[in-house]
Amino acid sequence: MGWVSLGHKHFSLMTSHCTAVQFGIIPPAGRAVSLSDVVSLQGKPLKESLGEITYSASFVEWFSEEARRVYGDIVPSPAKDRKIFLLKQPVGVASIITPWNFPSAMITRKVGAALAAGCTVVIKPAEDTPLSALALAELAEQAGIPAGVFNVVPCSREKTPSVGEVLCTDPLVAKISFTGSTATGKILLKMAADTVKKASMELGGHAPFIVFDSADVDAAVSGAMASKFRNSGQTCVCSNRFLVQSGIHDRFMEKLSQAMDAELRVGHGLDPETTQGPLINSRAAEKVAQQISDAVSRGATLLKGGKRLDGSFMEPTLLTDVTTDMLCMKEETFGPLLPVVRFNTEEEALAIANASHVGLAGYCYSQDVSQIWRVAEALEVGIVGVNEGLLSTAEATFGGVKQSGLGREGSKYGIEEYLEVKYMCFGNLKP
């Protein structure tokens with residue numbers, strides 16, 4: 001529990017009375033929470049749906065504690081008759097625009113920090129997934145957050161551009177925080193520029209996953225499975241481009257193929273055996289199918305999957321003999337497609353990995369400590385996973401470089417995005 005100051009009022013951010021499931025869903029008319037509710041709202045298989053709710057709650061808990069550690073500074077003055085104070089104050093009203101792939105966690109990661117800083121928020125959830133935001137609003141009211149502090153504005157796809165424009169241009173809004181595509185982020189930044197709003201942008205990724213000859217193959221395969229197939233490949237830190245060194249390539253491919261057979265199951269979200277659900281819509285499935293078709297037409301070898309199933313389901317797909325001129329190496333996939341490029345030298349791998357206008361996450365597998373440091377420092381990304389495929393946690397920063405965004409979320413730095421530093425000079429003091 002942490003205390004947040006808003007003017008002369010205080011309120012507590014309480015999570016202990018909410019179970020992980022209750023944190024994400026408020027059933028109508030007091031009806032008991034069902035697992036079907038969780039899967040329906042999150043749009044993921046059951047295990048992943050519950051995982052997101054736990055992840056969502058972690059941000060509220062983290063930032064409720066960070067609210068107590070918003071420290072200013074007293075700076076030694078060059079003059080004897082004055083004192084220098086640096087105060088931290090909330091920026092004001094924050095517009096929060098979130099995506100569909102993590103409909104609860106992307107809200108709490110932003111709103112937890114904003115409320116801890118003392119800001120009020122207006123949330124525009126993705127038009128595909130508004131119910132999680134409304135459930136969180138109900139929980140905020142139950143937790144004692146005053147009316148008008150946590151606001152949700154759901155809207156249709158047709159109204160989204162006009163609502164987004166208001167949230168970016170209204171002079172009463174001091175801050176805009178957005179998670180979504182790079183193209184949309186650029187539009188929002190342009191609109192926010194006229195009123196010079198503080199902005200946080202968590203935009204697209206195109207993560208490289210590099211496996212060097214010295215890597216532990218089993219660990220690399222496990223990391224590839226976790227990084228690529230979480231949420232059916234629909235996360236911004238999903239590995240998108242797999243680069244495997246020649247000396248280990250064949251062994252890695254053999255074990256990866258076996259792991260896909262053993263661990264991946266396409267099916268209904270409530271089936272406990274299901275690991276891969278549908279993609280968000282038919283357009284997403286069409287994009288993955290197009291990338292597969294393009295790669296195969298350019299000489300890639302289809303080792304596994306490759307078919308589009310009913311609705312927006314896609315078979316988990318493994319490609320080898322992939323080259324850098326293929327669509328899957330040029331644009332983010334957001335689906336269960338794993339393309340593998342064979343490389344020979346560290347320099348070659350880094351050149352391919354950094355040949356992108358975005359830089360959110362990157363991964364490398366090696367047991368050579370010197371190589372790990374070289375590669376981690378050389379990768380042009382904001383997040384690096386070394387011998388690890390799952391990176392996200394409330395305690396660490398989240399954000400990218402280049403066109404993957406501005407600012408950082410999570411960690412002790414996340415709250416700074418919702419604070420201004422005010423310098424107060426207290427002068428004419430008698431020595």
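In this text, all values refer to a predicted model and were calculated from it rather than measured experimentally. The residue numbers shown here count from 1 along each chain, following its written sequence. The predicted origin of the model limits local features to residues at a pLDDT of at least 70 and limits the giving and counting of side-chain atom pairs to 80 or more, whereas totals for whole chains, interfaces and linings rest on all residues. Water and hydrogen atoms play no part in the side-chain values, which are based on all heavy atoms of the structure.

Peer 1: An account of the state of the cysteines is needed here, citing residue identities and associated values.
Peer 2: The disulfide criterion used throughout: a pair of cysteine sulfur atoms within 2.5 Å. Using the criterion set out here, one finds zero disulfides in the structure. Not part of a disulfide, C119 finds its nearest cysteine sulfur in C168, a span of 16 Å. No disulfide involves C364; its sulfur sits 18 Å from that of C238, the nearest cysteine.

Peer 1: Hey, could you go over the nonpolar core for me, with residue numbers and the actual values?
Peer 2: For our purposes a nonpolar core is just a set of buried Ala, Val, Leu, Ile, Met, Phe, Trp, Tyr and Cys residues, chained together by side-chain atoms within 4.5 Å. For each residue, the accessible area found with a 1.4 Å probe, counting protein chains only, is set against the maximum for its type, and the residue is called buried under 20%, exposed over 50%, and partly exposed in between. By size, the foremost hydrophobic cluster in this structure holds 32 residues, and its most contacted members are V111, V121, I123, F150 and Y418. To qualify as a helix, a DSSP run of H or I must reach at least 4 residues; to qualify as a strand, a run of E must reach at least 2; elements of each kind are numbered from the N terminus. For this core, the elements supplying multiple residues, two or more each, are helix 3 (46-66), strand 5 (93-97), helix 4 (105-117), strand 6 (121-124), helix 5 (131-142) and strand 7 (150-152). Top contributing element to this core by residue count: helix 4, with nine residues. When near neighbours in sequence (up to four residues on either side) are disregarded, I123 contacts I96, I107, V111, F150, N151, V152 and V153. Grouped together as the second largest cluster of nonpolar side chains are 30 residues, F229, L256, M260 and L360 included. In what follows, a contact means two residues having at least one pair of non-hydrogen atoms within 4.5 Å.

Peer 1: Quick one: what's the story with the UniProt feature "domain: Aldehyde dehydrogenase" (unreviewed entry) in the protein chain, residue by residue and with numbers?
Peer 2: UniProt positions are given in the numbering used here, feature names are shortened, and annotations may be inferred rather than shown by experiment. As recorded in UniProt, the feature "domain: Aldehyde dehydrogenase" (unreviewed entry) lies at residues 41-423. Along residues 41-423 one finds 36% helix and 21% strand; the C-alpha atoms at either end are 45 Å apart.

Peer 1: Describe the sheet that holds strand 8 (residues 173-179), listing the residues and the values that go with them.
Peer 2: Strand pairing is defined by DSSP finding a minimum of two bridges between the two strands. In space, the six strands of this open sheet follow the order 7-6-5-8-9-19, with mixed pairing throughout. Both edges of this open sheet fall to strand 7 and strand 19 (405-406), since each of them pairs with a single strand only. Note that strand 5 and strand 8 share five bridges and pair parallel. When the bridges of strand 8 are listed, A94 appears paired with K175. Each of strand 5, strand 6 and strand 8 is contacted by helix 6 (residues 160-169), which is oriented at about 160° to strand 6, the strand it contacts most. Only the contacting stretch of a helix is used when fitting its axis, a line to C-alpha atoms as for every element, and angles between N-to-C directions run 0 to 180 degrees.

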